Structure formats: C-alpha cells, structure tokens
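The primary structure of each chain is shown beneath.
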Amino acid sequence: MNRAPSPTGYRVITADEAEARFAAAADLQYPYQEFTDEQEIRLYEGGLHVVGNLEREGDDDWAPCNVIVDGDLTVDGDIEWWDSAGGNFLLVTGDVRVRNVLLSGCPDVVVRGDLTATGSVQGHHGDDGGFLTVKGLLRADLVIGTLYFNLDLGRPPEALLIADQYRTTCPVDFTDEELDDLVLPELLDKDERADEHEIADALRAGRPVLRPGVRRPAR
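Every residue gets a number counted from 1 within its own chain, in the order that chain's sequence is written. Reporting in this predicted model follows two pLDDT cut-offs: at least 70 for local features of residues, and 80 or more for side-chain atom pairs to be given and counted; totals over whole chains, interfaces and linings ignore these cut-offs and use all residues. The side-chain values count all of the structure's non-hydrogen atoms but skip hydrogen atoms and water molecules.

## Notes on the packing of aromatic side chains
Worth spelling out the cut-off: In summary, the pairing rule links any two rings of Phe, Tyr or Trp, Trp by its six-membered ring, whose centres are within 6.5 Å, and it sorts them by plane angle into stacked for under 30 degrees, edge-to-face for over 60 and tilted for everything else. Exposed residues in this analysis have more than 50% of their type's maximum accessible area, buried residues have under 20%, and partly exposed residues fall in between, with area computed by a 1.4 Å probe over protein chains only. The way it works is that DSSP assigns letters per residue, a run of H or I at least four long becomes a helix, a run of E at least two long becomes a strand, and they are numbered from the N terminus. Placement of a charge over a ring requires the Lys NZ or Arg CZ to be within 6 Å of the ring centre, with the centre-to-atom vector within 35 degrees of the ring normal.
Applying the stated criterion to the full structure yields four aromatic pairs. When the centroid spacing of 5.6 Å and the interplanar angle of 0 degrees are considered together, the rings of Tyr30 and Phe35 count as stacked. Residue classification places Phe35 among the partly exposed positions, given a relative accessible area of 21%. Summarising the aromatic geometry, the rings of Phe35 and Trp62 are spaced 5.9 Å apart at their centres and angled 70 degrees between planes, so their arrangement reads as edge-to-face. With Phe35 in the loop between helix 1 (15-22) and strand 2 (40-45) and Trp62 in the loop between strand 4 (54-55) and strand 5 (65-70), this residue pair connects regions lying 27 residues apart in the sequence. Among the aromatic side chains, those forming a connected cluster through ring pairs are Tyr30, Phe35 and Trp62. Over the ring of Trp82 we find Arg56, and its NZ or CZ is 3.8 Å from the ring centre.

## Regarding the pattern of salt bridges
Basically, it comes down to this: Counted as salt bridges are all cases of a side-chain nitrogen of Lys or Arg within 4 Å of a carboxyl oxygen of Asp or Glu.
In this structure the tally under the stated criterion is 21 salt bridges. Between Arg167 and Asp164 there is a salt bridge whose closest N-O contact spans 2.6 Å. Overall, Asp164 belongs to the buried group, its relative accessible area being 7%. Here the salt bridges do not stand alone but share partners, grouping Arg11, Glu17, Arg21, Glu45 and Asp70 into one network.

## Re unusual backbone geometry
Note: most residues except glycine have negative phi, and most peptide bonds are trans. One non-glycine residue, Ala23, lies in the positive phi region at around 45 degrees. By the secondary structure assignment, Ala23 is in the loop between helix 1 and strand 2. Ala23 gets classed as partly exposed once you look at its relative accessible area, which sits at 33%. For Asp127, which is not glycine, the phi dihedral falls at a positive 50 degrees. Tracing the chain through its elements places Asp127 in the loop between strand 11 (120-124) and strand 12 (131-134). The exposure class assigned to Asp127 is exposed, which follows from its relative accessible area of 62%.

## Points about helix 1
Applied cut-off: An arc is given here, and it is the one of the directions from the helix axis to the C-beta atoms. Contacts are assigned to residue pairs with any non-hydrogen atoms lying within 4.5 Å of each other.
Considered for burial, the residues of helix 1 that qualify are Ala15, Ala18 and Phe22. The arc that holds the buried residues of helix 1, viewed along the axis, is 70 degrees, so those residues lie on one side. Among the exposed residues of helix 1, those oriented more than 90 degrees off its buried face are Asp16 and Ala20. Its buried side turned inward, helix 1 meets strand 1 (11-13), strand 2, strand 5 and strand 7 (79-92).

## Remarks on the side chain of Thr133
Examined against the element boundaries, Thr133 turns out to sit in strand 12. Among the residues examined, Thr133 registers a relative accessible area of 4% and is labelled buried. Beyond its immediate chain neighbours, meaning those up to four positions away, Thr133 contacts Asp27, Val109, Val110, Val111 and Asp152.

## Section: the nonpolar core
Soluble globular proteins tend to bury their nonpolar side chains together. In plain terms, the rule: We call a set of buried Ala, Val, Leu, Ile, Met, Phe, Trp, Tyr and Cys residues a nonpolar core when their side-chain atoms join them within 4.5 Å.
Of all hydrophobic cores here, the largest spans 35 residues; its most connected members are Leu73, Ile79, Leu115, Val121, Leu132 and Leu138. Beyond its immediate stretch of four places on either side in the chain, Leu132 contacts Leu103, Val109, Leu115, Val121, Leu138, Phe149, Asn150, Leu151 and Asp152. In this structure, Leu160, Phe174, Ala194 and Ile199 belong to the second largest nonpolar core, which totals 19 residues.

## What to know about the pairing of strand 2
For clarity, the threshold we go by: Strand pairing is assigned whenever DSSP identifies at least 2 bridges connecting the two strands.
Bridge count between strand 1 and strand 2: three bridges; the pairing is antiparallel. Its bridge partner being in strand 2, Ile13 is matched across the sheet by Ile41.

Purely spatial values, then, with no claim about function.
Rendered as structure tokens:
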C-alpha cells in the first residue's frame, strides 16, 4: 500500500508527554511505549480538519508514526488506517466527523467522543490486534467488523451492526457469519464468501453493499 503523508501542523512529542497529557495507554491495546525509538508520536493540537482523506502514512507494513488529535477531527473524505505488521495508533480526544472509516489489519483507533460517519465503518483482518474504540456514540449507516477485528463501543451504535459478537462490546444485529448472505452477489469471492476488500472498494465509491431489504431486526 502507498499512503499519502500526514497533514502538516503537528509537532512530535515523547511517550512521557503522551501519558502525562492524554493518558494514552489507558485506552490503547497497542503497547506503543515499547516502540518509541522506531515510531514518533505526532500531536495535532486544537483539533484537525482534513479536506480530503486521512490515511495512515507509510508505503510498507511498518507505520512510521502514531497520531494524537487533541480536539475534534473532521475529515471531508474517508479515514483509512491500517497495519499489517507490529501495530500503530490513532487517538482522538474529541469527536470525529467523517464519510467512511475503513480499517484493516492491526491499527488501534480510539475516539474519546462521538464518531459520526455519513457513510459506513468497516474493520477487517484484525487478527485480534485491530481495535476501534468509541467512548461516545457511533452513528453510521452500517458498521461491519470481521476477521477478528475488535469493536469496543461505549454505547450501542445508531447503525446497522454486522460483527463478531465475541469481539464486539454490544449486541450485534447480524453476526459476521451471516455477512455472506447479506452482501450483494458481486461482493462475494469465488467461494461465495464476502470479500472485505471488495466491500471496502464499494464503500469508497459510495455504492451499496447490502442486498435490498436488509434492515435492523426489531429488538
């Protein structure tokens, strides 16, 4: 994967400052303090507004930095955060407003306020190292968590939730095992299984991913 550079306007802080000011480790599963010699911590103070997409920096598996946004994060496009190796984190102390949130691999993404997506939220291929934590309310059309991706939600989301019930902290509407029967046929692979990468591509393009008539079950 090739990712764009981080937005400008940050300063690099130490792990000691990240703990003293933000108690970062309190909400993170990723032991970032063990990797400070290899990953810097970039701090955006006073919030951050990104006109396009916000993407994890780096063109290989190892993330060169972790990111803290002190305040609200507004992204006019999508947040795409990923990790295929040791891990990395994105921590937002306020609210997040975005189109889609597309996570894969083992990133640790924490929102201490509300997360509002006009589109959808997807996490996949987590291998139990991928986490999305939302302390406030998550609002979206659709939330999908599959392939050992963990969803730590402070409240039941205002969204159709399809996820692994054993890796999600609130009741799901459909389990990840039911996803194959819910997505559009063109988003299935040759084995008739839901293809997470095709789903992500559809979300980026603003195309529907679920078959007509799929609705939240009555509770």
